[in-house]
Amino acid sequence: FAFSVFDVALTGCVSRLGLLDSPSREDRERTEEVLTRLGIAHLSARPFTKLSGGEQQMTLIARALVQDGRILVMDEPAAALDLRNQATVLRCIRDLADENHGVVMTSHSPDHAFLVATRAVLIRNREILSGPVNEVLTEANLQAAYGTRVQVLETTSPDGEAVRTCIPTLELT
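Residues numbered from 1 in each chain as written. Predicted model: local features only at pLDDT ≥ 70, side-chain atom pairs only at ≥ 80, totals over all residues. Heavy atoms only, no water.

A. Expanded view of the overall build of the protein. Looking only at helices and strands, one finds seven helices and six strands in the protein. For the protein, the sequential pattern of α-helices and β-strands runs α-α-α-β-α-β-α-β-β-α-α-β-β. Seen along its three principal axes, the alpha-carbon backbone of the protein occupies a region of about 55 × 35 × 30 Å. Sorting the 173 residues of the protein into buried and exposed places 35% on the buried side. Contacts spanning at least 24 positions in sequence make up 49% of the contacts within the protein whose residues lie at least 6 apart. Here the protein has roughly 10700 Å² of accessible surface; of this, 53% comes from carbon and sulfur atoms. (Helix = DSSP H or I, 4+ residues; strand = E, 2+ residues; numbered from the N terminus. Buried < 20%, exposed > 50% of the residue type's maximum accessible area, 1.4 Å probe, protein only. Contact = heavy atoms within 4.5 Å. Areas by Shrake-Rupley, 256 points an atom, 1.4 Å probe, with all protein chains shown as cover.)

Structural data, given as structure tokens:
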């Protein structure tokens, strides 16, 4: 069905509703707030089926945020997004964690973990490594996990924060 972006996001409140209940004014306000937070309020009336893949992804993230759970489980939340929307989603994830929400997310991008995570889990040659991000996502561990040489560098972001980043080589191991 060609539900609007607003209506798709609003379905996040369904878990709190009774069998014959409708979303409240507060649910609608919360939905507007989340769409604004994610920078997609301008898409509110657009049919979900007419959106790009990235816009659909942002709408589904909005739905999860409208649900307002204490723990969010997100599978590749920044996949298929351009850099701006990746930054928006990752900033939102970081803010949620700062607001005492638990966030568990998967990512094939070590850079995303470096930007927002405090702990990481990495599967390396059938071995599961877990711990602080900087201890788990080392050059050796990433090389073994991804099968390519990598370099982990520390740099300074445009806002002056120290940031780690992972640069793969084109050589496969």
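B. How the structure looks around a nonpolar patch on the surface. There is a patch of nonpolar side chains on the surface, built from I71, V73 and V104 and spanning about 320 Å² of accessible area. With respect to the element layout, I71 can be found in strand β1 (residues 71-75). (Patch = residues over 30% accessible without salt bridge, like charges linked within 9 Å, V, L, I, M, F, W, Y side chains within 5 Å. Salt bridge = Lys/Arg side-chain N within 4 Å of Asp/Glu carboxyl O.)

C. Here's a closer look at the pairing of strand β6 (residues 162-172). Across eight bridges, strand β5 (residues 148-156) lies against β6 in antiparallel orientation. Looking at β6, one finds that L153 is bridged to T165. If you look at the hairpin formed by β5 and β6, you'll find five residues sitting between the two strands, and G160 has a positive phi there, around 90 degrees. (Pairing = 2+ DSSP bridges.)

D. Highlighting the side chain of R30. Mapped onto the secondary structure, R30 falls in helix α2 (residues 25-37). Within the structure, the side chain of R30 is placed 3.5 Å from the side chain of D68, a separation counted as a polar contact. When residues no more than four places from it in sequence are discounted, the contact partners of R30 are L65, V66 and D68. (Polar contact = N/O pair within 3.5 Å; in protein donor to acceptor, adjacent residues only side chain to side chain.)

E. Main features of the confidence of the model for the protein. This prediction gives the protein a mean pLDDT of 92; 100% of its residues lie at or above 70. The element-level mean pLDDT for the protein is lowest in helix α4 (residues 83-98), coming to 90, with helix α1 (residues 5-10) highest at 97. (pLDDT = per-residue confidence, 0-100.)

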